[in-house]
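Single-letter residue listing:
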Amino acid sequence: MSKKMHIKLTVNGKPEEFLAEPRELLIYTLRERLNITGPHIGCETSHCGACTVTLNGKSVKACTMFVAQADGADVTTIEGIGGPDTLHPLQTAFKEHHGLQCGYCTPGMITRAMKLLEENPDPTEEEIRFGMAGNLCRCTGYQNIVKSIKAAASEMNAAGSSGREAAGSKKEVEAAE
Amino acid sequence: MKDDVENREDRVANLKGLGCSRKRVEDARFTQGKGNYVDDIKLDGMIFGDFVRSPYAHARIKSIDASAALEVPGVLAVLTAKDLEPLGLHWMPTLAGDKQMVLADGKVLFQGQEVAFVVAEDRYAAADGIELVEVDYEELPVIVDPFEALKSDVVLREDLVAEDGSLPDGAHGPRKHANHIFTWEAGDKDPTEEVIANAEVVAEESMYYHRTHPCPLETCGCVASMDKVNGKLTLWGTFQAPHAIRTVVSLISGIEEHNIRVISPDIGGGFGNKVGAYPGYVCSVVASIVTGKPVKWIEDRMDNLMTTAFARDYWMTGKISATKEGKITGLHCHVTADHGGFDACADPTKFPAGFMNICTGSYDIPTAYLAVDGVYTNKAPGGVSYRCSFRVTEAVYFIERMIEVLAIELNMDAAELRRVNFIRKEQFPYTAALGWEYDSGDYHTAWEKALKAVDYEGLRAEQAQRIADFKAGKTRSLMGIGLSFFTEIVGAGPVKNCDILGLGMFDSCEIRIHPTGSAIARLGTISQGQGHATTFAQILASEIGLPADSITIEEGDTDTAPYGLGTYGSRSTPVAGAATAMAGRKIRAKAQMIAAYLLEVHDNDVEFDVDRFVVKGAPERFKTMKEIAFAAYNQAIPGIEPGLEAVSYYDPPNMTYPFGAYVCVMDIDVDTGVTDIRRFYALDDCGTRINPMIIEGQVHGGLTEALAVAMGQEIAYDDMGNVKTGTLMDFFLPTAWEVPNYETDYTVTPSPHHPIGAKGVGESPHVGGVPAFSNAVHDAFRAFGLRHTNMPHDHWRIWRTAHELGLHA
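As a convention, each chain's residues are numbered from 1 in the sequence order in which they are written. Written order determines the labels here, with chains lettered from A and ligands numbered from 1. It should be noted that, the model being predicted, local features are given only for residues of pLDDT at least 70 and side-chain atom pairs only at 80 or more, the latter also being counted only at that level, while totals for whole chains, interfaces and linings use all residues.

What about the confidence of the model for chain B?
Thought 1: With 99% of its residues at a pLDDT of at least 70, chain B reaches an overall mean of 96.
Thought 2: On the interface metric, ipTM, the complex scores 0.97, and its pTM is 0.96. Scored from 0 to 100, pLDDT records how confident the predictor is in each individual residue.

Side note on the domain arrangement of chain B
All names here are of chain B.
Thought 1: Domain assignment breaks chain B into domain 1 (8-35 + 507-650), domain 2 (38-140 + 219-267 + 275-307) and domain 3 (395-488 + 655-804).
Thought 2: Throughout the structure description, domain borders are defined by an automatic or database domain assignment. Here the C-alpha centre of domain 2 lies 40 Å away from the C-alpha centre of domain 1.
Thought 3: Throughout, a residue-residue contact means that the two C-beta atoms, derived from backbone geometry, are no farther apart than 7 Å. Listed per partner, the contact involves 14 residues of domain 1 and 14 residues of domain 2.
Thought 4: Taken together, the residues of the side of domain 1 that touches domain 2 break down into four nonpolar, eight polar and two charged. Side-chain classes follow a simple rule in which Ala, Val, Leu, Ile, Met, Phe, Trp, Tyr, Cys and Pro form the nonpolar group, Asp, Glu, Lys and Arg form the charged group, and the remainder, Gly included, forms the polar group.

A word on helix H16 (residues 572-598) of chain B
Thought 1: Here H16(B) spans 37 Å end to end across 27 residues, near enough to the 39 Å set by a 1.5 Å rise per residue.
Thought 2: Positive backbone phi, at 60°, marks B:Glu600, one or two positions downstream of H16(B). Strands here mean DSSP runs of E at least two residues long; helices mean DSSP runs of H or I at least four residues long; both are numbered from the N terminus. Here the expected length of a helix is defined as 1.5 Å per residue gap, with one fewer gap than residues.

Here we look at the sheet that holds strand E28 (residues 612-615) of chain B
Residue and element names in this part refer to chain B.
Thought 1: For two strands to pair, DSSP has to find at least two bridges joining them. Across the sheet, three strands lie side by side as E27-E28-E29; this open sheet has antiparallel pairing. Looking at strand neighbours, the two that pair on one side only are strand E27 (606-609) and strand E29 (618-624), the edges of this open sheet. Recorded for the sheet is a direction-independent mean angle of 35° between the axes of neighbouring strands.
Thought 2: Relative to E28, E27 is paired through four bridges, and the arrangement is antiparallel. Its bridge partner lying in E28, valine 606 is registered against valine 615.
Thought 3: Its contacts with the sheet put H16 on E27, E28 and E29, and the angle it makes with E27 is roughly 125°. In this description, a line fitted to the C-alpha atoms serves as the axis of each element, helices being fitted only across the stretch in contact, and the angle between N-to-C directions of two axes falls anywhere from 0 to 180 degrees.

A word on the pairing of strand E13 (residues 260-263) of chain B
A regular strand carries its side chains on alternate faces of the sheet.
Residue and element names in this part refer to chain B.
Thought 1: Bridge count for strand E12 (residues 232-237) against E13 is four bridges, and the pairing is parallel. Paired with leucine 235 across the bridge in E13 is valine 262.
Thought 2: With its strands directed away from the observer, a crossover is right-handed exactly when the path from the first strand over the helix to the second travels clockwise. A crossover links E12 with its parallel partner E13, the connecting element being helix H8 (residues 242-253), and its sense is right-handed.

Considering the confidence of the model for chain A
Atomic detail in the predicted coordinates should be set aside for any region of low pLDDT.
Thought 1: For chain A, the mean per-residue pLDDT works out to 92, and 90% of the residues sit at or above 70.
Thought 2: Predicted confidence is poor over residues 164-177 of chain A, with pLDDT under 50, and the contacts of this stretch with residues over four places away or in other chains come to zero contacts.

Comments concerning helix H5 (residues 123-132) of chain B
Residue and element names in this part refer to chain B.
Thought 1: Looking at H5, one finds that the buried residues are Ala125, Ala126, Gly129 and Ile130. Down the axis, H5 shows its buried residues gathered within 145° of arc, on one side only.
Thought 2: Elements that come into contact with the buried residues of H5 comprise strand E1 (47-53), helix H3 (67-71), strand E3 (75-79) and strand E7 (114-120). Exposure classes come from backbone-placed C-beta atoms, where a residue is buried if 20 or more other C-beta atoms lie within 10 Å of its own, exposed if 12 or fewer do, and partly exposed in between. For this quantity, the arc is that covered by the directions from the helix axis to the C-beta atoms.

Notes on the packing of H16(B) against helix H17 (residues 625-634) of chain B
Residues and elements named next belong to chain B.
Thought 1: At a minimum axis distance of 10 Å, the contact between H16 and H17 shows a crossing angle of 90°. Taken together, the axes of H16 and H17 are roughly perpendicular relative to one another. Residue-level inspection shows Ala591, Ile594, Ala595 and Leu598 of H16 in contact with H17, the latter providing Met625, Ile628, Ala631 and Ala632.
Thought 2: Grouping the constituent residues of the contact of H16 with H17 by class yields eight nonpolar, no polar and no charged. Angle categories are assigned with fixed cut-offs, so that under 35 degrees is roughly parallel, over 145 is roughly antiparallel, 65 to 115 is roughly perpendicular, and the rest are oblique.

See below:
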């Protein structure tokens with residue numbers, strides 16, 4: 001065992017500070033130390049994506065990153081994406097379009113999909129399939145995952161454009177005054 | 001009495017019962033990261049166990065020295081076979097009637113075998129401890145080839161050879177060689193051989209159905225907690241059969257069954273991997289007893305792929321005979337089954353090769369014979385049904401390949417050959433040559449619907465043009481049309497011939513109606529993603545007239561759920577689904593008496609209508625099930641005891657036989673071996689359809705696992721017994737990028753013996769999908785002389801096939 005390191009993280013908006021061994025993996029920190037069990041462990045080799053989180057604005061597989069490498073980072077997990085009263089459109093769409101079965105890949109899948117839609121708000125099916133290829137699912141065959149992500153994108157774009165229209169009309173009203 | 005304001009259609013819709021694509025009730029927690037899988041369980045003072053595993057496939061263990069490991073801070077104990085022996089737990093029974101080492105007892109038989117169990121305060125300390133356990137191995141000759149095993153002087157299992165060198169019978173009869181496990185036969189040997197010897201046309205082929213692995217995204221694991229104060233053991237784990245696990249734990253540990261509580265929490269996929277009992281479970285229980293603390297054991301991915309429950313590994317040789325017109329007259333099949341170091345197959349006791357004797361498939365074959373030889377090798381034990389009923393995937397692959405080979409022999413279209421030989425609708429119930437009684441089917445209708453949907457004639461014309469273009473040098477791409485027609489055999493099973501370790505394979509449902517008209521139902525099964533909490537509530541809603549949204553379904557806790565044999569082999573809907581309907585009917589029978597009393601008429605003068613009992617001939621006089629539930633608890637009714645509960649243990653009279661017709665259209669780049677699945681059409685007939693949305697999801701998933709197995713997924717060993725595919729880098733799991741969109745379709749042929757006519761669907765797409773993908777590859781090269789090449793059809797193997805056929809000149 002080596003000397004412990006002083007680590008600071010923000011996880012789902014909450015600051016965390018603790019001492020950890022240099023070899024402690026980020027997924028271990030989240031699941032064991034912080035009791036955030038949404039991200040799962042599936043392969044420990046970066047292939048399956050069950051552990052996907054967003055770290056400083058990028059999709060990261062938490063099973064192969066040391067928490068020391070994440071010192072100072074801002075981390076979002078599925079728990080930070082939406083809860084019972086604040087469901088994200090992706091969470092709603094996955095249920096609506098049967099985008100999950102056993103649920104084990106789902107937190108990583110939705111976390112990655114959220115990032116994908118930030119990078120590309122209106123992806124084609126091909127872009128979704130390519131953008132999600134780092135997240136494995138053994139149950140669904142992906143067809144309904146793709147459908148869910150497409151539906152969420154439409155939903156978010158519709159909400160976004162109506163939001164912009166609302167803002168625009170407000171400006172017009174102000175100008176008229 | 002209030003007026004009937006809703007119309008009947010609305011009342012039916014309000015129930016969300018049978019046939020409704022009800023959204024899943026499970027999804028809220030899973031989409032919000034609030035699932036509760038075994039690794040999410042945390043208990044006060046919980047410690048962690050992990051294995052020292054053998055790097056060798058066959059070796060004698062000269063010594064184990066754990067002293068350095070015990071010096072590591074955080075390491076609490078190291079268990080070896082010597083520690084387990086006084087408890088009689090150094091070996092454990094397997095599901096196949098063999099026994100298996102829990103921890104290496106003098107030798108190891110496969111790479112990754114469990115040698116010692118290190119218990120520590122956390123996972124890192126356990127890993128540190130594992131590094132420092134010194135094991136002195138003496139390497140022994142390794143056998144990874146079952147044919148070599150049957151000739152070799154090297155004895156893998158000395159424990160199964162008597163001191164005088166004789167071979168005692170195994171669990172399934174006489175053994176021919178020290179490395180031989182059993183011979184299992186079905187059908188008539190001599191008449192079959194005679195028919196084949198005198199046939200007009202005979203096709204012969206040998207094929208290897210490679211070893212693979214179910215590889216659920218969540219690995220296997222458990223948490224064992226022995227409460228020494230109360231003498232109670234609680235065991236959480238990834239168990240597809242929690243009740244069977246409780247009984248087995250009781251039998252091997254001596255702890256009385258009422259003092260053991262087994263809980264399967266949310267399970268992250270099973271596909272057969274989580275049926276068996278593994279050394280990790282036993283060691284965790286022992287470690288908890290020894291330390292007095294809860295002990296968690298979770299496999300990593302390499303442990304999972306290398307050591308727990310593989311699937312397939314069948315070497316199959318077939319002969320099929322026919323008239324010149326293509327009418328099949330006989331089928332002969334021999335299998336050499338590689339079971340690894342211990343026989344830990346998960347099959348009903350009387351079926352050591354599972355239901356391989358469904359290998360006559362969907363065809364009216366008058367005479368058939370099957371023999372299976374099980375063999376020990378230096379590979380991991382297992383032999384589970386990976387998303388299929390017991391060995392049905394092997395059986396269906398075998399017959400669907402034999403049909404294609406026979407079509408080549410006859411120079412006949414493979415779709416037509418199937419059409420000529422299907423069991424006809426009027427022949428059901430149909431008794432097959434190898435013994436099974438198929439309950440119902442309409443194969444011709446399904447086949448014609450499928451061929452029409454894909455424009456089969458058009459595809460063949462396109463293929464002919466492609467071949468001509470290829471020969472003319474205009475394209476380097478070939479086109480394959482993969483046909484598959486399968487009959488599954490699921491819903492094990494009738495207790496008269498199906499048991500596992502003596503436990504009859506019935507299943508159960510217990511229903512408790514609450515006074516305000518909602519309910520809880522508990523079952524002996526356990527969902528691993530199939531959506532039981534959604535679909536079983538739908539069955540009940542239609543049976544008892546309360547909305548599915550008002551019915552909680554609970555499974556997996558042996559203290560509360562009724563005894564059942566669990567979820568695998570597509571048995572939940574055929575068996576527990578039937579129990580659910582039958583228990584619902586008991587509720588309804590009592591409700592009828594209560595309704596009649598409340599309506600002041602005779603029991604026989606009321607009838608059930610959607611969500612109520614109405615007086616016959618006077619539909620304005622009724623009591624809703626909600627009203628009846630309240631009365632059941634709160635009104636003194638002469639001759640009827642209070643409450644509204646029922647339980648049913650359902651022993652199915654027969655298996656169910658789902659079937660389907662699949663067509664895969666594939667383009668193959670001859671120069672790279674790269675395949676493009678351009679189209680996949682899947683017609684499934686699973687009898688009565690409970691939730692079309694969930695059926696479709698099951699089909700997508702099963703087809704994708706079939707794609708994996710057919711096109712690349714394997715557990716491969718080198719000659720030294722090293723596993724070459726121990727991580728997801730080497731073991732193929734398809735990504736969203738490789739998987740096509742599937743077209744799903746259906747016909748409905750209800751099961752005549754199932755209370756609601758349902759047959760089960762979860763495994764059909766895997767069983768039927770593998771031959772569809774494989775036949776597409778074969779079909780692409782048929783015009784160039786290919787008869788058979790073994791799976792998996794990865795790019796390299798396809799390139800090699802093209803090369804061997806001289807297509808790279």
